[in-house]
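Structural characterization, general
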Amino acid sequence: MHPAFSVIFLTTLIGVGQGLFLAIFTGQSYSAVELLPTEDSVQFYATGSMLALVFLFAGLIASLFHLGHPERAWRAATKWRTSWLSREVIALPVLMFLIFVYSLMHYFEWDTMLFTSKTGARLQLTLVIGMLGVIATFALFLCTGMIYAAIKFLQEWASPLTVINYLLLGTASGFILATAFSSYTAPGLVKFYGVWATIITLSALITRSAALIRNARIKHKSSIQTAIGVRHNQIQQKSMGFMGGSVNTRDFFHHKTRLFMKSIKWIFILLTFFLPLLFLWFGIEQANSNTLIMAFIIQYLGLIAERWFFFAQANHPQNIYYQTI
Amino acid sequence: MTQLALIIDLNVCVGCHACVTSCKEWNTSGAAGTMCDDNPYGQDPTGTFFNRVQTYEVGQFPYTETVHFPKSCLHCEEPPCVPVCPTGASYKREKDGIVLVDYDKCIGCRYCSWACPYGVREIDEHEKVMKKCTLCVDRIYDESLPEAERKPACVLACPTSARLFGDVHDPQSEVSVTIREEGGYALMPEWGTKPSNHYLPRRKTRMHIHEDELVRADNPLKKEQREHAEPIDATTLDDSTSW
Amino acid sequence: MSIQTAAVSETDSRTEVKNTTCYMCACRCGIRVTLRDGEVRYIQGNPEHPLNKGVICAKGASGIMKQYSPARLTKPLRRKAGADRGDAEFEEISWEETFQIIADRLAHIRETDPKKFALFTGRDQMQALTGLFAKQFGTPNYAAHGGFCSVNMATGMIYTIGGSFWEFGGPDLERAKLFIMIGTAEDHHSNPMKVALSRFKRNGGRFISINPVRTGYSAIADEWVPIKPGTDNALFLAIIHELINQGLYDRDFLVQYTNAAELVNLDEASDDFGMFVRIKEMEVEEGCYDPQNKLWWDRLSDSPVNTLTEKADPFLLGEFSLEDGTPVKPSFQLLKERVEKYTPEWASTITGIPVDTIKRLAYEMGITARDEKIELPIAWTDVWGNEHDTVTGNPVAFHAMRGLAAHSNGFQSIRGLSILMTLLGTIDRPGGFRHKAPFPRPIPPCAKPPKGPQDVQPNTPLNGMPLGWPADPNDLFVDENNEPVRIDKAFSWEYPLSAHGLMHNVITNAHRGDPYSIDTLLIFMSNMAWNSTMNTDEVRKMLNDKNEDGDYKIPFIIVSDAFQSEMTAFADLILPDTTYLERHDVMSMLDRPISEYDGPVDSVRVPVVPPTGECKPFQEVLIELGARLKLPAFVNDKGAKKYRNYPDFITNYEVEPGSGIGFLAGWRGKGGEQFMKGEPNPSQWEMYEKNNCVFHYELPKSYQYMRNWNRGYLKWAQEHRLTRYEEPINIHIYSEVLQKFRLAAQGKRAGKQPPAHLRKRIETHFDPLPFYSETLEGQLTDKHKYPLNALTQRPMAMYHSWDSQNAWLRQIHTYNYLYLHPSLGQKHGFGDGDWIWVESMHGKVRCMCRFSEAVEPGTVWTWNSIGKASGAWGLDKDANESKQGFLLNHLIAEELPAGEDGDHLSNSDPLSGQAGWYDVRVRVYKADETDEKISWPQFDSMPALPGTGIRRKWQAYFAGKFTRGK
Ligand SMILES: Nc1nc2c(c(=O)[nH]1)N[C@H]1C(S)=C(S)[C@@H](COP(=O)(O)OP(=O)(O)OC[C@H]3O[C@@H](n4cnc5c(=O)[nH]c(N)nc54)[C@H](O)[C@@H]3O)O[C@H]1N2
Ligand SMILES: Nc1nc2c(c(=O)[nH]1)N[C@H]1C(S)=C(S)[C@@H](COP(=O)(O)OP(=O)(O)OC[C@H]3O[C@@H](n4cnc5c(=O)[nH]c(N)nc54)[C@H](O)[C@@H]3O)O[C@H]1N2
Ligand code: SF4
Ligand code: SF4
Ligand code: SF4
Ligand code: SF4
Ligand code: SF4
Ligand SMILES: [Mo]
């Protein structure tokens, strides 16, 4: 596929937003069961979730660049019964709304205590809202992932790994950002987030590698034989019917060399997984917020590369029809 | 239920592109138009076409087949492009199975084009909506046209009548009979899209020559022998018998 | 704009529908044009038209983009003072001034030396009018494109069977069982051929294509027989060899309808050596037909008899001697002897076709012809009065075009093919070759070129037609020194039978002043600075070349074109023509009508939109000029303009006053009650318009076949003035016409004599029987250095050079590759898609290559005419056509390398003057990595001419809103 930057930014930015929200909420839930100290409502929870919202919003804006008619974007919510894209279009604003409410409540500290257990565990209204947010987050990850995983003939994408990777990569980036964020706002949580960020990043490394391995081994079901219905082992396209290019040559193929593809692969592996972890732990050890920010930025760049590669690697069967000018 | 479709007979398609430009010509000023062209007079001209004719070579010299291969939306019975559309702009008509895009609803997200394995959807970069073959819905039901012309533009144009149009659900229709009898097949059957458009394969007519056909009683060479041999001087029975 | 609610009704008050005739190519299909708010909404095939029956092609359906192309010329233009030719710097002038300039100039030429005016026209269809203009002007220097197109096809066949493929006849695929297509990519009968071919296949016919390349039609052939270019006659002769040896020929047909049994004088001492023996005592009237004064050797009486003596049955084989001791043989015997050495084994090494395939092809043809006979219950009478209850057909049909024609050995190959078809008995019979009116014609047709310089006189129409059909050396158009009179040297000893002229040599000859210089060259509808010229680069220089005194070697060039072609850059004066949608036109019986097998058909164009800008139909220009020059046909008794305009001319002009023969055959007579001939009918145009713009006369069934010998038909044809004689047109298996030239070359004939340096050439090539010889260029090339044949093919979706301005068609063919077999890449170290050089002994081009398994490995080919000069055709200067596209013509010379035959011989068939486009030999090699990745040669970019349109960055056509903006 031809990687569209609007979509790359959309998925990576909302990934960060979703991950960050999960991190903030995880922080709050840990503190609710008193595994962690409670942080400042405004400075940490409200600001943190607001930051998540900013990412989601940025993603939303990026997505509009992908649309020919953004003014009609609302229509995209109508086909949730069949379309993962439509579902995403619903899940994203729902999540944004929930995070907004969550953030607002923290900001104004409207936090009705619903329940306190004997052990001291508390159930506040924000936790309930947050829980809903978490569900929405997962739903959104599912929708985003499924947009790709649901196209069965895009075999590189049509796998649960696609959803899992979206989930893990987004969450990882959110947790790294949370680590950096907590170094300013709640230094006590830095390690906590760092450990989780590491665990998630490493899990993402595993699942993303699994996807890479899977994709490297894919046997494509479609071939030039099934495409034109002629059985012969030597078939070659001689003309695709036009010479100046078309949607088919622009939208479905990256037009880059193998070497470029390979480099991007190693770059994203390095930038998404290894370098950020290095910076992360360096930053934690040194208690250096800038280094932590760097870890996030590096990983984000890695994710852009990862996403680029994700698109580029997907081999659309339509390309069989568009091989030779 | 009706399912309208095209049958494309690769056995007679000569790759003339009549279907390509007549489609463009009809549709650009029709209900599915416009069909824009970028750099029409410059480098790398490119434009919206609902139908393209490609060329493939099969086999090695001298046993090469050149295959001309026209392709437009196949109006799949299970069109993967439809359910993915978030707006409902892409839809398949109950009435006749035609897969269409409602330009007024389309947000131009291109998702449906990703979801079509055949590469037949065309985003219009200027109107920003998704376009594709409509099976010429604005012709085939237009009662102001003579009945014989209520057919897709490409079908009417095709000089070899390599393009048949009809209801593939009606077992008696010309298209169904042809699919059955001439080995009609679907493209990329592996995805379960059940394309309604079908293709007919190349078929060969051969001639078998029997030895005896070369030696015949009426061989005209027989007439070329001179029948009147000159009398001979040597002795024959004529000279030596006394009966 | 929701499709569901689509209510763009196609027939509301804003729309208007008109029938006319397409001219996106020379096929001339009937089209129906729908306009919306005055703009073309849709062009469809006219279902009621006999030619295309409703279908259309890629070009036809792109007419809209031609009509509104920014490359269109819309103003008369004059080259700016001081600008060089080729610079394309022009200023607008008025039509009045334009006429003044031309009329003054031409009047002077006509008064002094009319041959200094040369009028050459390209792929037009109005040779009847342009030819008339030239004749009336008095210049012999007139021809259309035929010489560089397919005159070999016309002459090779017409000199053999009295009709030919091309626009004059074709294969009857309705009835054929076996169809062999040779060297055809697209041809003029574009749509009808496709319609017929698919029906033929669906009816179970077997289709074999003989072609070095497998594309287009060949793609759907049941069998593809790849052949080495230029070698087809070897194949035909080997097939003839097999057919004769196996007795697979139609003996009755040969006896009755050909000169196969006629006895040839073989007395080497006689001046009539190689001529048919004539019956001395028989008085015959001289005419352009074969009198029946020849002999047969009768099998039954074993003696010589008059041809066609009742109850006689002649020997086809054998040798005999006449009473006076003259040794004679039937010409069929000579043919048999001729093909003796042409065995399948021999042909195999030349053609590259396996021996078994050659034999099988012969057997398939012979057996199908013999065993699958068709008997149609149609009674007819032959010209000798024999009544036949049925019409017989041997259902083997052939079609061939430029793959045979465009070689310098094409005339003889085409004769070989004609004879092969004749042996199978498939001439004007069901399932075989069928004539189209006004064919068949006598062999050769009666029209003759002028005979010498005396026929060209100041202020006088030419004595004779500018073009004709020599039957004899004395018909040549040469002066007392046997030197050419025409600028293109047509009908001279260099190319005696050049019935269509040699347009491809006009510029070179005029530039050299050989045989003389001319003053004004008027080019109509031909791109002589690009694709229709050989040696393009040099020819462009010639067009711009000056004498020492600073004057152009070709002093004045006028170009009539509709688009900003490469040629317009070299004009002194440009006449902007209308498009086919803007004018009246006729496809006349006097030219190349669109006749069907079942009878004559002619057709017209009527304007469906008004002319753009100041465009004026070229016809109107000629009629106006004719009047201003006071050419007799164009002025009345008082010397005033006789015809108001072109439609008026068409209605009222008669070839001879009172003859009743005019340009259009339909609806003649006062009220339109007559056809073919009759008084002018003032409402003729309306009647055509009402009838889909065609007139189609279906002959009675009994006149539709065997027309060379069909009494009914010949009578009808004579009565309707299609022919002068009602005489049989016997097939020339053995060509006496050619033998006459050979005898002249051998010094055995009185009259015009070939110059010494051409004797050998004439003697060799004017062989009365077909023979195989390598192409002239092939003979003169070092084949180790240039081992490959290079060809071009017509792409179905483009017409020559003129469709690159078409925004839709140019997306299909934006540039071109050189197609070649992958083994060449392997050998020379380049890959698929690489830049390579292609070099012939005349020049080289750089282009991209594409590997293909569908080409004979010794052949390379490309699509014709896709490459363009930068800036031409209203394209941006960096358009792909000029940067990636290339023109093969740079590699092809218009003249042969100097040889023993003389210095400046055209690279053409020595009989017909047909341009040998496909003889060129090349080599290929990888372009340097450091070479620029653009095609070579490149030319200075042509600026947009005044009056051409704006090129939009993008556009979306919508009828009714496009030119008015939306
Ligand atoms: N679409 C379209 N139609 C056209 C035209 C056009 O430009 N575009 N041009 C029109 C004109 S002016 C003409 S003259 C006709 C010409 O119509 P065609 O005769 O079909 O013209 P070419 O494209 O020259 O095709 C020549 C064919 O002969 C093959 N060939 C070349 N050399 C040999 C040989 O030695 N032996 C054999 N057996 N085959 C050979 C080539 O591979 C090619 O397939 O087409 C007319 N129709
Ligand atoms: N290498 C190679 N060269 C070839 C051939 C080949 O096979 N190979 N084929 C040859 C053959 S067969 C032919 S017939 C020639 C054809 O060559 P040309 O006769 O030169 O044909 P076109 O290139 O179509 O150019 C005709 C000119 O007519 C102009 N024109 C178009 N419509 C109109 C109109 O309505 N009015 C006027 N006044 N002008 C108009 C066009 O703009 C163009 O400039 O090419 C020959 N050249
Ligand atoms: S061919 Fe593609 S666009 Fe057409 S219905 Fe099938 S999936 Fe949809
Ligand atoms: S581009 Fe239009 S039709 Fe396609 S999925 Fe998006 S909204 Fe639907
Ligand atoms: S059916 Fe109509 S829209 Fe579809 S390819 Fe044919 S002409 Fe084009
Ligand atoms: S119009 Fe017919 S013959 Fe021509 S390319 Fe299309 S399907 Fe093939
Ligand atoms: S074949 Fe020629 S005349 Fe016929 S529709 Fe096509 S371009 Fe027009
Ligand atoms: Mo031609």
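Higher on the page you've got the structure.
These notes cover the structure that comes with them. Predicted model only: the values in this text are computed from it and were never measured.

Time to look at the state of the cysteines. Simply put, the disulfide is a covalent bond whose two ends are the sulfur atoms of two cysteines. Residue and element names in this part refer to chain C. Taken as a whole and judged by the stated rule, the model has one disulfide over all chains. With its sulfur 1.8 Å from that of its partner, C288 forms a disulfide with C446. Note that C288 is positioned in the loop between β12 (263–265) and β13 (295–298) and C446 in the loop between β22 (433–435) and α15 (506–512), a separation of 158 residues in sequence. Of the residues examined, C288 reaches a relative accessible area of 15% and is grouped as buried. Among the cysteines around C615, which has no disulfide bond, C22 carries the closest sulfur, lying 18 Å off. Given the relative accessible area of 7%, C615 is considered buried.

Moving on, we get to the pattern of salt bridges. The tally for this structure, following the rule as stated, stands at 81 salt bridges over all chains. A salt bridge links K553(C) to D545(C); the shortest N-O distance between them is 3.4 Å. Using a relative accessible area of 26% as the deciding quantity, one classes D545(C) as partly exposed. Where salt bridges share partners, they join D9(B), E182(B), R203(B) and R202(C) into one cluster.

Glancing now at the packing of helix α4 (residues 125–149) of chain A against helix α5 (residues 160–185) of chain A. Angle between the axes and distance between the axes are the two parameters that describe a pair of packed helices. Residues and elements named next belong to chain A. Interaxial distance between α4 and α5 falls to 8 Å at its minimum, and their mutual angle equals 135°. In terms of orientation, α4 lies oblique with respect to α5. The two elements α4 and α5 cross, and the hand of that crossing is right-handed. Only T162, V163, Y166, L167, G170 and T171 of α5 make contact with α4, whose side of the interface consists of F138, F141, L142, T144, G145, M146, Y148 and A149. Its residues placed into classes, the contact of α4 with α5 shows nine nonpolar, five polar and no charged.

Further remarks concern the packing of aromatic side chains. Applying the stated rule across the entire model yields 87 aromatic pairs over all chains. Cluster of aromatic residues (ring-pair linked, three or more members): F117(C), F133(C), F137(C), F634(C), Y643(C), Y646(C), F649(C), Y653(C) and F663(C). Over the ring of W84(A) we find R87(A), and its NZ or CZ is 4.4 Å from the ring centre. One cation-aromatic arrangement involves K256(A) over F260(A); the distance from NZ or CZ to the ring centre is 5.6 Å.

Right, let's get into the interface of chain C and chain A. Counting residues at the interface gives 11 residues for chain C and eight residues for chain A. Both faces combined, the contact of chain C with chain A buries some 720 Å², and carbon together with sulfur accounts for 48% of it. Taken as a group, I812(C), Y815(C) and R850(C) account for 44% of the area that chain C buries against chain A, more than any other trio of residues on that side. Counting the contacts that link chain C with chain A gives zero salt bridges. Our count for the contact surface shared by chain C and chain A stands at four residue pairs in polar contact (both at pLDDT 80 or more). Counting residues per element, the ones that place at least two in the side of chain C that touches chain A are α24 (809–812), β30 (817–820) and β32 (844–851) of chain C. For the side of chain C that touches chain A, the residue count by class is five nonpolar, four polar and two charged.

This part takes up the sheet that holds strand β16 (residues 327–330) of chain C. All names here are of chain C. Reading across the sheet, the three strands line up as β12-β16-β15 and stay open at both edges, with antiparallel pairing between neighbours. In this open sheet, the two strands that pair with only one neighbour each are β12 and β15 (320–321). When β12 meets β16, the two strands line up antiparallel, connected through three bridges. Along β16, the bridge assignment pairs L263 with P330.

Here we come to the packing of α5(A) against helix α10 (residues 289–313) of chain A. All names here are of chain A. α10 packs onto α5 with a crossing angle of 165° between their chain directions and a minimal axis gap of 8 Å. Viewed along their axes, α5 and α10 adopt a mutual orientation that is roughly antiparallel. Between α5 and α10 the crossing geometry is left-handed. In this structure, α5 contributes T162, Y166, L169, A172, S173, I176, L177, T179, A180, S183 and Y184 to the contact, and α10 contributes S289, N290, L292, I293, A295, F296, Q299, L303, E306, R307 and F310.

Taken together, 13 residues lie around ligand 3, and C73(B), C76(B), C81(B), C116(B) and R121(B) are the ones closest in. Of the residues that constitute the shell around ligand 3, the class distribution is 10 nonpolar, one polar and two charged.

Let us now look at a nonpolar patch on the surface. All names here are of chain A. A surface patch of nonpolar side chains, about 340 Å² in accessible area, is lined by F57, I61 and F65. As for its position among the elements, I61 is in helix α2 (residues 41–66). For I61, a relative accessible area of 34% translates into the label partly exposed.

In this assembly, 103 residues from chain C lie in contact with 89 residues from chain B. For the pairing of chain C and chain B, the buried interface totals around 7,700 Å² over both sides, and the portion due to carbon and sulfur atoms is 54%. Taken together, the connections running from chain C to chain B amount to five salt bridges. When the shortest N-O distance is used, the salt bridge between R202(C) and D9(B) registers 3.0 Å. Between chain C and chain B we count 44 residue pairs in polar contact (both at pLDDT 80 or more) in total.

What follows concerns the sheet that holds strand β21 (residues 396–400) of chain C. Residue and element names in this part refer to chain C. As summarised here, the arrangement of the four strands in space is β11-β10-β9-β21, forming an open sheet in which the pairing is parallel. Sheet topology places β11 (223–225) and β21 at the edges, where each strand pairs with a single neighbour. Along the sheet, successive strands turn relative to each other by an average axial angle of 15°, direction set aside. Here strand β9 (residues 178–182) runs beside strand β10 (residues 206–210); their pairing, made up of five bridges, is parallel. Bridge assignment links F179 to a residue of β10, and that residue is F207.

On to empty space enclosed by the protein. Residues and elements named next belong to chain C. As a volume, the largest cavity reaches approximately 530 Å³. What lines the largest cavity is a set of 37 residues, among which R123, M525, H800, S801 and W802 lie closest to the centre. Residue assignment for the lining of the largest cavity shows that the elements contributing at least two residues are α4 (146–149) and β24 (556–561). Both domains that meet at the lining of the largest cavity, namely domain 1 (77–145 + 448–580) and domain 3 (780–926), each give it at least three residues.

Residue and element names in this part refer to chain C. Along strand β6 (residues 117–121), five of the five residues are buried, which leaves the element largely enclosed by surrounding structure. Covered by surrounding structure in β6 are F117, L119 and T121 together with A118 and F120, the residues of both alternating faces. Two strands pair when backbone bridges link them, and β6 and strand β23 (residues 520–524) are joined in this way by five bridges, in the parallel orientation. The residue bridging T121 from the neighbouring strand is F524, located in β23. Bridge count for β6 against strand β7 (residues 142–143) is two bridges, and the pairing is parallel. The residue bridging L119 from the neighbouring strand is Y142, located in β7. Of the crossover connections in this fold, the one passing from β6 over helix α3 (residues 127–137) to the parallel β7 is right-handed.

With respect to spatial proximity, 13 residues lie near ligand 4, and among them C85(B), C106(B), C109(B), R110(B) and C112(B) are the closest. The class makeup of the residues in the shell around ligand 4 is nine nonpolar, three polar and one charged.

Residue and element names in this part refer to chain C. Counted as a void, the largest pocket has a volume near 1,800 Å³. The element that contributes the greatest number of residues to the lining of the largest pocket is α3, accounting for six residues. Here the lining of the largest pocket is composed, by residue class, of 29 nonpolar, 10 polar and 10 charged.

So, how was this worked out
Residues numbered from 1 in each chain as written. Chains lettered and ligands numbered in written order. Predicted model: local features only at pLDDT ≥ 70, side-chain atom pairs only at ≥ 80, totals over all residues. Heavy atoms only, no water. Disulfide = S-S within 2.5 Å. Helix = DSSP H or I, 4+ residues; strand = E, 2+ residues; numbered from the N terminus. Buried < 20%, exposed > 50% of the residue type's maximum accessible area, 1.4 Å probe, protein only. Salt bridge = Lys/Arg side-chain N within 4 Å of Asp/Glu carboxyl O. Axes fitted to C-alpha atoms, helices over the stretch in contact; angles between N-to-C directions. Parallel < 35°, antiparallel > 145°, perpendicular 65-115°, else oblique. Left-handed = near helix turned anticlockwise from the far one by under 90°. Contact = heavy atoms within 4.5 Å. Nonpolar A, V, L, I, M, F, W, Y, C, P; charged D, E, K, R; others polar. Phe/Tyr/Trp six-rings, centres within 6.5 Å; stacked < 30°, edge-to-face > 60°. Lys NZ or Arg CZ within 6 Å of the ring centre and 35° of its normal. Buried area = accessible area lost by both parts, 1.4 Å probe. Polar contact = N/O pair within 3.5 Å; in protein donor to acceptor, adjacent residues only side chain to side chain. Pairing = 2+ DSSP bridges. Near = heavy atom within 4 Å. Patch = residues over 30% accessible without salt bridge, like charges linked within 9 Å, V, L, I, M, F, W, Y side chains within 5 Å. Areas by Shrake-Rupley, 256 points an atom, 1.4 Å probe, with all protein chains shown as cover. 1 Å grid on protein atoms, 1.4 Å probe; cavity = no way out; pocket = protein on both sides within 12 Å on 5 of 7 lines; lining within 4 Å. Points joined across faces, edges and corners; volume = space filled by probe spheres on them. Domains from an automatic or database assignment. Right-handed = clockwise from strand over helix to strand, strands pointing away.

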